[in-house]
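Now for the letters of each chain:
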Amino acid sequence: MEQNSPVKHEDFNISDLENQEEFTKNVTYNTLVENLNSLLANEFTLFTKTLNFHWNIYGPSFHSVHKFLDNQYHDLLKIIDGVAERIREIGSHPIGTLEEIKDSTNLVEHPGLQPNPLNMIADLMTDHETIDLQIREILHDLDNSLIEDPGTYDFLTKLIKKHEEMTWMLKSHLEK
Ligand SMILES: [Fe+2]
């Protein structure tokens, strides 16, 4: 009777596993950089929108809202700088041209239109909420990855807090 031939296994090679892990880490790292650049593009766009509304606000509350938006765009400028420098700190390069910002943002601008003051505030609030969700998604991806990057994790968590604060201030203008 014919004997069963032993099942053949491919040679187990530990370095294949290590290479696979290295490859996955590289892909995840590149995705993280891409995500941070998309975040940078959204922060930059929101900065521009806030600056635009600071310039073009009108109505009975002009002075206070004009000043309030002045504070907000200065805060956003600090945020932009922080995101760009975080990308450098993890060893990559931030996008830095208006063309790249335009290609990478998913926030919507309305060229040629100046909404009424309450719609300006509501529009900015929606954008802060969009960014807040975007940061949560980046954190979620980071959580489920092989990359250990507590610095970026901490940076993004604090950034959520900052956007929540800015959203609350905007929202307070809309409450009656
Ligand atoms: Fe100004």
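Scroll up for the structure.
This section reports on the structure supplied with the text. Computed from a prediction, not measured in an experiment: that's the story for all the values here. (Residues numbered from 1 in each chain as written. Predicted model: local features only at pLDDT ≥ 70, side-chain atom pairs only at ≥ 80, totals over all residues.)

In this section: the nonpolar core. Formed by 19 residues in total, the largest nonpolar core has its most connected members in Leu36, Leu39, Leu40, Phe44, Ile80, Val83 and Ile135. Secondary-structure elements contributing two or more residues to this core are helix 1 (14-56), helix 2 (62-89), helix 4 (117-143) and helix 5 (150-174). Among the elements that take part in this core, helix 1 stands out by supplying eight residues, more than any other. Apart from the residues within four sequence positions on either side, Leu40 is in contact with Ile80, Val83, Ala84, Pro94 and Ile95. If you look at the next biggest cluster of nonpolar residues, it comprises nine residues, including Phe53, Ile57, Val65 and Met166. (Core = buried A, V, L, I, M, F, W, Y, C linked by C-beta atoms within 7 Å. Buried ≥ 20, exposed ≤ 12 C-beta atoms within 10 Å, placed from the backbone. Helix = DSSP H or I, 4+ residues; strand = E, 2+ residues; numbered from the N terminus. Contact = placed C-beta atoms within 7 Å.)

Below, the discussion takes up the packing of helix 2 against helix 5. At a closest axis distance of 12 Å, the pairing of helix 2 and helix 5 adopts a crossing angle of 170 degrees. The pairing of helix 2 with helix 5 is recorded here as roughly antiparallel in orientation. Like other packed secondary-structure pairs, helix 2 and helix 5 cross with a definite hand, here left-handed. For the pair helix 2 and helix 5, contact is made by Gln72, Asp75, Ile79, Arg86 and Glu89 and by Gly151, Thr152, Phe155, Leu159, Lys162 and Met166, respectively. Grouping the constituent residues of the contact of helix 2 with helix 5 by class yields four nonpolar, three polar and four charged. (Axes fitted to C-alpha atoms, helices over the stretch in contact; angles between N-to-C directions. Parallel < 35°, antiparallel > 145°, perpendicular 65-115°, else oblique. Left-handed = near helix turned anticlockwise from the far one by under 90°. Nonpolar A, V, L, I, M, F, W, Y, C, P; charged D, E, K, R; others polar.)

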